[in-house]
Amino acid sequence: MKNLLVIDTGAGQAHVNWYALFEGMTLRNGEEIKVEVAQYQDIAMTAYSDRSGVQCQLNKAKNPIPESPQTQHRTFRPDFLLVRTITRGLPKQDSRNLLYGFMFAGIPAVNSLESQYMCLERPIVYGQLLQSHRRLGDRFPLIGQTYYPDHTSMIISPPFPAVMKVAHVHAGYGKMRLENHKQFEDFRSVCAVTEHYTTGEEFIDWDFDVRVQKIGRHYRAYKRYSPNWKGNVGNATLIEETEMTPLFQLWIDECATYFGGMDILAIDAVHRASDDRYFILEVNDTAIGLTHDNQAEDSRHIVEVTLDRMNATFCPADTHEALSVPPVRNAPLPPSLSGETPAVYMAPGPASAIPSGRSSILEPLQTETHTHTGASEGESVRGEREKEGETPTAPAPVGVGVGYKMACCIS
């Protein structure tokens, strides 16, 4: 039996019942999977260098999933982790010491603990984005940014209007819009009483922003309209699922290779109407928010990729079959479809380990498939890669989802 610990949060979104989603699941070798679910704040742990590994005391949850083990205290020794919450947020939301303990013991995870560690700080992630921009050019349109280690270096400001961001936090926290040098000087004086770094970038007068999401081999793209200049703040946000274009997939596949590979991630970009240009702002990793209407399906996709990674870890003889989303740089673009392009694209890959009695991890969802036979923009990009000595992968069938509109907020 292998023990899977899901580190989740119910803050700002409905509970996902991971106990039910993993119920009956087994590895390829027939081993059962025992699941426990807890928030970081409910975990006490000790890690050992011998085979004892990590011993966790999971406290009773404040808002437990009904009829689940969360209604009581329990002891658990995890063999694998699925992390669906931020490790570090506001000052009282800091669980880095627990992350370090799991890394100390070498516990495998989705996303990998190494990638989660590297994603803790904004400048490290931006450094990866900048390398991609330098290599891919205009196909990877990254917003320009300035880094200030402390207030003493804040001499030259970004172009105005500017957006200043303090430290690592996301979800609209620590951000200010400045219109002129006087406001920049005031902001600099505030930074003088903190110990944090600051980044600055030009404010883009955008008409909508875009979130491109990847979970394993499943893709989605959304447009988000908001009256707030911070697009992810407020309840008046309108989100619509939109076409998953070859350009969007190029972005997300590129970012999925960062820090050894990430299975769960999303890119945020803004669109400027005046010149029809996109600007990539940031990458979000394992704790990406799921839209309400797609939460059930996307949660099953997360189960699927977790099973793939567990099989790759604990069933090494089947690694080449179980690992459906290898971190390969310069992944090929998806084929363009004739007619209406789907909102959801499914990359090629084998099925996950499915327990006896369940024919599909997505049951009872139904998916249509289409095979592309014509030329596309993706083929021209693949031709460029052939010149560089890379071997492109042939197009494969894609799954088609249905676009829709809803009112919600992606964190």
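Scroll up to find the structure this text is about.
Residues numbered from 1 in each chain as written. Predicted model: local features only at pLDDT ≥ 70, side-chain atom pairs only at ≥ 80, totals over all residues. Heavy atoms only, no water.

The subject of this paragraph is helix 7 (residues 295–314). Between the first and last C-alpha of helix 7 there are 28 Å, a value that for 20 residues agrees with the 28 Å anticipated at 1.5 Å per step. In terms of burial, helix 7 is a largely internal element, 17 of the 20 residues being buried. (Helix = DSSP H or I, 4+ residues; strand = E, 2+ residues; numbered from the N terminus. Expected span 1.5 Å × (residues − 1). Buried < 20%, exposed > 50% of the residue type's maximum accessible area, 1.4 Å probe, protein only.)

For the rest of this paragraph, the subject is the packing of aromatic side chains. Under the definition given, this model contains 12 aromatic pairs. Summarising the aromatic geometry, the rings of Trp18 and Phe22 are spaced 6.3 Å apart at their centres and angled 40° between planes, so their arrangement reads as tilted. Of this pair, Trp18 and Phe22 both sit in helix 1 (residues 18–22), 4 residues apart, roughly one helical turn. Note on Trp18: relative accessible area 1%, which makes it buried. For the ring pair Phe208 and Tyr278, a centre distance of 6.3 Å and an interplane angle of 70° mean the geometry is edge-to-face. Placement of the pair is Phe208 in strand 12 (residues 208–215) and Tyr278 in strand 16 (residues 277–284), with a sequence separation of 70 residues. You'll find Phe208 and Tyr278 in the same group, each marked buried. Through pairs of rings, three or more aromatic residues link up here, namely Phe208, Tyr225, Phe248, Trp251 and Tyr278. The side chain of Lys223 reaches across the aromatic face of Phe208, ending 4.6 Å from its centre. (Phe/Tyr/Trp six-rings, centres within 6.5 Å; stacked < 30°, edge-to-face > 60°. Lys NZ or Arg CZ within 6 Å of the ring centre and 35° of its normal.)

Pairing within the open sheet is antiparallel, and its 3 strands lie in the order 3-4-5. Both outer strands of the open sheet, strand 3 (43–47) and strand 5 (74–76), are each paired with one neighbouring strand and no more. Direction aside, neighbouring strands of the sheet carry axes that sit 20° apart on average. Pairing analysis gives 3 bridges linking strand 4 (residues 54–58) to strand 5, with the strands arranged antiparallel. In the strand pairing of strand 5, Gln57 is matched with Thr75. Sheet strands touched by helix 2 (residues 96–104): strand 3 and strand 4. Its angle to strand 3, the strand with the most contacts, is close to 35°. (Pairing = 2+ DSSP bridges. Axes fitted to C-alpha atoms, helices over the stretch in contact; angles between N-to-C directions. Contact = heavy atoms within 4.5 Å.)

Our focus in this paragraph is the packing of helix 4 (residues 122–136) against helix 6 (residues 246–255). Two numbers describe how helix 4 lies on helix 6: the axes approach to 11 Å, and their chain directions differ by 130°. The pairing of helix 4 with helix 6 is recorded here as oblique in orientation. Of the two elements, helix 4 crosses helix 6, and the hand of that crossing is right-handed. Seen from helix 4, the contacting residues are Leu129, Ser132, Arg135 and Leu136; seen from helix 6, they are Leu250, Glu254 and Cys255. Its residues assigned to classes, the contact of helix 4 with helix 6 comprises 4 nonpolar, 1 polar and 2 charged. (Parallel < 35°, antiparallel > 145°, perpendicular 65-115°, else oblique. Left-handed = near helix turned anticlockwise from the far one by under 90°. Nonpolar A, V, L, I, M, F, W, Y, C, P; charged D, E, K, R; others polar.)

Let us look at the pairing of strand 6 (residues 80–83). Where burial is concerned, the two faces of strand 6 agree: the one with Phe80 and Leu82 and the one with Leu81 and Val83 are both buried. Sheet topology places strand 1 (residues 2–7) next to strand 6; 4 bridges connect them, and they run parallel. Within strand 6, the residue paired with Leu5 across the bridge is Leu81. One ladder, built from 2 bridges, connects strand 6 with strand 7 (residues 109–110); its direction is parallel. Within strand 7, the position partnered with Leu82 by the bridge is Val110. At this point the chain moves from strand 6, through helix 2, to the parallel strand 7, and the crossover so formed is right-handed. (Right-handed = clockwise from strand over helix to strand, strands pointing away.)

Interpretation note: all reported values are geometric properties and have no functional meaning in isolation.
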